[in-house]
Every structure is written in structure tokens, then in C-alpha cells.
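Below are the chains, spelled out letter by letter.
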Amino acid sequence: MHKLSRQQILERLNQLNSATKLAWVFAEDRLQKTFEFGDFKKAFNFMERVAIEAEKLNHHPDWCNSYNRVSIELTTHSAGGLTGLDFRLAEAMEKISAKIS
């Protein structure tokens, strides 16, 4: 995977955020977002489902869970920044979140 240019990132970010309630943020060569759910069980269910998608893509998030919140950071370490894989995983996370919320 090749690293996306800043223009490509901003275009993809705009597309991604056009379909979300709470926007993803681009900072420090990473996509960042905190998902919030009704309780811990739903947050953990989200993480389980995302883990399956991450394995399919062989692309894994940096994340942290605190009760009903899951904070996500996506970057492609091997490319030194964002690639299409980061956006594919972010899109999958949005679909999973919509099914759980």
C-alpha cells in the first residue's frame, strides 16, 4: 500500500464523514474517532466485530476502551501514514457501529 497524499486524505475524509454522525479527524498522520455506545457490552461487541474485519484486512487499529467508549486511531505504520486500508477499516467500523447503536 502506498501512502496517500494530503489531498487524497482530505477527499477520502470528506467522503467518509458525509455518512457519519460524529466526524473522523485527521491529525498527526492518523484518522481518529471515539465511538460511544449505550453500555460496556455494546462497546465490547463493537470491538469484537471490528477485530474480525481487521483480521480480514490484515490491518489493525490502535484503540482504547473505557466503559461505553472506544477511541480509535488508524494509520499504516509500514507506509508511514494513511493508506486506503485505513479508510476501508474506518468504513467497516461505521457499518458495524450502525448495527450496534
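All of the points below concern the structure found in this document. (Residues numbered from 1 in each chain as written. Predicted model: local features only at pLDDT ≥ 70, side-chain atom pairs only at ≥ 80, totals over all residues. Heavy atoms only, no water.)

1. Topic: the layout of surface pockets
In this model, the largest pocket occupies a volume close to 250 Å³. In this structure, the largest pocket is lined by 13 residues; those nearest its centre are Lys21, Lys33, Glu94, Ser97 and Ser101. Only strand 2 (30-36) and helix 3 (84-100) provide two or more residues apiece to the lining of the largest pocket. Ranked by residues supplied to the lining of the largest pocket, first place goes to strand 2 with 4 residues. The class makeup of the residues in the lining of the largest pocket is 5 nonpolar, 4 polar and 4 charged. (1 Å grid on protein atoms, 1.4 Å probe; cavity = no way out; pocket = protein on both sides within 12 Å on 5 of 7 lines; lining within 4 Å. Points joined across faces, edges and corners; volume = space filled by probe spheres on them. Helix = DSSP H or I, 4+ residues; strand = E, 2+ residues; numbered from the N terminus. Nonpolar A, V, L, I, M, F, W, Y, C, P; charged D, E, K, R; others polar.)

2. Quick word on unusual backbone geometry
At Glu28, a residue that is not glycine, the phi angle is positive and equals roughly 55 degrees. For Glu28, the location among the structural elements is in the loop between strand 1 (25-27) and strand 2. Residue classification places Glu28 among the exposed positions, given a relative accessible area of 72%. Positioned with a positive phi, Asn58 is a non-glycine residue whose angle comes to about 50 degrees. (Buried < 20%, exposed > 50% of the residue type's maximum accessible area, 1.4 Å probe, protein only.)

3. Quick word on the pairing of strand 3 (residues 62-66)
Where strand 3 lies against strand 4 (residues 69-74), 5 bridges are found, and the strand directions are antiparallel. Residue Cys64 lies in a different strand from strand 4, and its bridge partner there is Ser71. From the end of strand 3 to the start of strand 4, which pair antiparallel, there are 2 residues, and Tyr67 there has a positive phi angle of about 50 degrees. (Pairing = 2+ DSSP bridges.)

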